[in-house]
Structure formats: structure tokens, C-alpha cells
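As a plain string of letters, each chain reads:
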Amino acid sequence: MNTPRKTWHPYVSPFDPCKPITVKTYSTPPNLYMGFQPPGLEQFTPMQALRTGTLWKAFYDPWYSPYEKAREGQQP
């Protein structure tokens, strides 16, 4: 399952007073899918690295709400 967003189905009690949330999602970081850090990874400039929180572009993962569409091709 190599996807950055995963889903799970929590238990829904028949006695819950509120409307149940049947599917919940969570985000996984890209470093989980990279066994080791290969040499020569592409890097951000120092200013972009400070903005994005990482020096390496392969580890950059912007967080999007599951309720909004991911912005395609967005650069930091």
C-alpha cells in the first residue's frame, strides 16, 4: 500500500447519539517508503528548505485536508 493517504473504518456503536463518521483518513510521510536515503537526492535551495521543513525534495509532503482537492503541480 504505497499511498500517502490511507483510510480506516472505525467502530460505529448503535448507541452513539451523533451521526457516525464511517471512514477516517490519515497521511503517511514519504520517508516510510524509502528504505535508505540514496546519495545525490535533489535538494531545495536553503530558503525553500526553511519554508518546506526539509532539505530534500523527495521527503517533501504538503498536507492537504481530505475534504479539499490536492493542488496538482504546486511548488513550495
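Quick look at the structure, then.

Each value, and the rule that gives it
- Residues numbered from 1 in each chain as written.
- Predicted model: local features only at pLDDT ≥ 70, side-chain atom pairs only at ≥ 80, totals over all residues.
- Heavy atoms only, no water.
- Helix = DSSP H or I, 4+ residues; strand = E, 2+ residues; numbered from the N terminus.
- Contact = heavy atoms within 4.5 Å.
- Areas by Shrake-Rupley, 256 points an atom, 1.4 Å probe, with all protein chains shown as cover.
- Polar contact = N/O pair within 3.5 Å; in protein donor to acceptor, adjacent residues only side chain to side chain.
- Phe/Tyr/Trp six-rings, centres within 6.5 Å; stacked < 30°, edge-to-face > 60°.
- Buried < 20%, exposed > 50% of the residue type's maximum accessible area, 1.4 Å probe, protein only.

1. A few points about the overall build of the protein chain
And step 1. Looking only at helices and strands, one finds 1 helix and 2 strands in the protein chain.
And step 2. In the protein chain, the succession of α and β elements from N to C terminus is β-β-α.
And step 3. Of all intrachain contacts in the protein chain linking residues separated by at least 6 positions in sequence, the fraction that spans at least 24 positions is 33%.
And step 4. When the accessible area of the protein chain is evaluated, it comes to approximately 6600 Å², of which 59% is carbon and sulfur surface.

2. Here's the deal with the side chain of Thr 52
And step 1. Along the chain, the position of Thr 52 falls in helix 1 (residues 46-52).
And step 2. A polar side-chain atom of Thr 52 sits 3.2 Å from the main-chain carbonyl oxygen of Thr 54.

3. Looking at the packing of aromatic side chains
And step 1. Scanning the entire structure with this criterion turns up 2 aromatic pairs.
And step 2. Between Phe 44 and Tyr 60, the aromatic rings sit 5.8 Å apart at their centres with planes inclined by 90 degrees, giving edge-to-face as the arrangement. Of this pair, Phe 44 sits in the loop between strand 2 (24-27) and helix 1 while Tyr 60 sits in the segment after helix 1, and the two are 16 residues apart along the sequence.
And step 3. Both rings, one in Trp 56 and one in Phe 59, keep their centres 6.2 Å apart while their planes meet at 90 degrees; by these two values the pair is edge-to-face.
And step 4. Using a relative accessible area of 26% as the deciding quantity, one classes Trp 56 as partly exposed.

Read these as spatial facts, not as claims about activity.
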